[in-house]
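# Fold and contact review
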Amino acid sequence: MSLALDPAAQDLLFREAHTANTFTDEPVTEEQVQAIYDLVKFGPTAFNQNPLRVTLVRSAEARERLVPHMAEGNRAKTATAPLVAILAADNEFHEELPALFPAFPQAKDAFFAERPVREGSAALNAALQAAYFIVGIRAAGLAAGPMTGFDAEGIRKEFLDDDHTPLIVVNIGRPGEGASYPRSPRLPYEQVFTTV
Ligand SMILES: Cc1cc2nc3c(=O)[nH]c(=O)nc-3n(C[C@H](O)[C@H](O)[C@H](O)COP(=O)(O)O)c2cc1C
């Protein structure tokens with residue numbers, strides 16, 4: 001009763017949604033990915049910095065280059081998912097800031113002149129955007145299999161450059177046979193929240 005979101009949507013996004021480890025052959029289209037992004041791009045980031053950059057691994061040749069960089073246990077599902085996305089943080093996001101945060105265009109130089117500061121901020125805010133993206137995948141009626149089990153330096157060299165840090169690789173598609181594990185417990189409210 002306390003939530004404004006329709007109960008069916010609550011189930012789709014969270015209660016019934018699971019991380020997927022197997023997928024059907026049904027392709028994930030460019031239109032679906034664009035619709036997901038055009039929804040979740042409205043999720044907030046600090047100074048509206050939008051540091052997430054996504055590489056869609058669509059060709060068989062690119063998939064072959066990606067799989068060896070995944071941890072052993074992640075290789076089979078990364079090889080067979082209909083679509084795989086490499087989610088990365090752009091450590092040079094500040095170049096876009098004057099356009100993205102017109103209310104305070106000086107933010108670029110005032111706060112983000114130093115690369116280590118940008119790397120920290122990009123990692124946090126791109127991770128937030130990655131979370132929005134996962135929920136957006138569920139909103140499209142698809143399932144996500146996010147993974148951090150990979151050789152980040154290997155993926156960076158293979159697909160990105162020095163200015164981008166790979167954060168999460170996400171398998172995307174419709175869940176296949178035995179796609180998910182039984183739900184593991186979540187921490188209860190009382191253990192997570194403190195009121196002062
Ligand atoms: C950031 C992130 C990294 C993950 N890395 C891996 C991974 O490398 N390999 C894997 O099999 N599962 C990975 N998972 C899946 C988690 O174990 C799974 O999402 C979690 O146990 C919840 O499962 P559920 O959605 O079925 O409740 C990852 C999940 C997230 C969000």
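Below or above, wherever it landed, is the structure these notes cover. (Residues numbered from 1 in each chain as written. Predicted model: local features only at pLDDT ≥ 70, side-chain atom pairs only at ≥ 80, totals over all residues. Heavy atoms only, no water.)

## Some words on the overall build of the protein
Along its length, the protein carries nine helices and four strands. Starting at the N terminus and ending at the C terminus, the protein contains elements arranged as α-α-β-α-α-β-α-α-α-β-α-β-α. Considered along the principal axes of its C-alpha atoms, the protein spans approximately 50 × 50 × 35 Å. Taking contacts inside the protein between residues at least 6 apart in sequence as the whole, the part at least 24 apart equals 80%. Counting every atom, the protein has about 11,200 Å² of accessible surface; 58% of that belongs to carbon and sulfur. Charge separation in the protein, taken as the distance between the mean sites of 17 positive and 26 negative side-chain charges, equals 3 Å. (Helix = DSSP H or I, 4+ residues; strand = E, 2+ residues; numbered from the N terminus. Contact = heavy atoms within 4.5 Å. Areas by Shrake-Rupley, 256 points an atom, 1.4 Å probe, with all protein chains shown as cover. Lys, Arg positive; Asp, Glu negative; His and termini not counted. Charge placed at Lys NZ, Arg CZ, Asp CG, Glu CD.)

## Re the packing of helix H1 (residues 7-15) against helix H7 (residues 115-139)
Their axes nearest at 8 Å, the elements H1 and H7 cross at an angle of 130°. For the element pair H1 / H7, the angle class is oblique. For the pair H1 and H7, the crossing hand works out as right-handed. Two secondary-structure elements touch here, H1 through Leu12, Leu13 and Phe14 and H7 through Val135, Arg138 and Ala139. (Axes fitted to C-alpha atoms, helices over the stretch in contact; angles between N-to-C directions. Parallel < 35°, antiparallel > 145°, perpendicular 65-115°, else oblique. Left-handed = near helix turned anticlockwise from the far one by under 90°.)

## Description of the sheet that holds strand E2 (residues 83-90)
Sheet strands associate in pairs through backbone hydrogen bonding, adopting either a parallel or an antiparallel arrangement. If you walk across this open sheet you meet the four strands as E1-E2-E4-E3, and the pairing is antiparallel. The open sheet terminates on both sides in strands that have one partner only, identified here as strand E1 (52-57) and strand E3 (143-147). In this sheet, adjacent strand axes meet at a mean angle of 30° when their direction is disregarded. Two elements, E1 and E2, share six bridges in a ladder whose sense is antiparallel. By the bridge assignment for E2, Val57 is matched with Val84. Where H7 meets the sheet, its contacts fall on E1, E2, E3 and strand E4 (164-173), and the angle it forms with E2 comes to roughly 155°. Running at roughly 90° to E4, helix H8 (residues 152-159) makes contact with E2 and E4 of the sheet. (Pairing = 2+ DSSP bridges.)

## A look at the pattern of salt bridges
Side chains that differ in sign of charge can pair as their charged atoms come close. Evaluation of the coordinates by the stated rule reveals 16 salt bridges. For Glu153, the salt bridge identified is with Lys157, shortest N-O distance 4.0 Å. Of this pair, Glu153 and Lys157 both sit in helix H8, four residues apart, which is roughly one turn of the helix. Judged by its relative accessible area of 37%, Glu153 falls in the partly exposed class. Here Lys157 falls in the exposed class, since its relative accessible area comes to 62%. One network of salt bridges, with partners in common, ties together Glu92, Arg115, Arg118, Glu119 and Asp163. (Salt bridge = Lys/Arg side-chain N within 4 Å of Asp/Glu carboxyl O. Buried < 20%, exposed > 50% of the residue type's maximum accessible area, 1.4 Å probe, protein only.)

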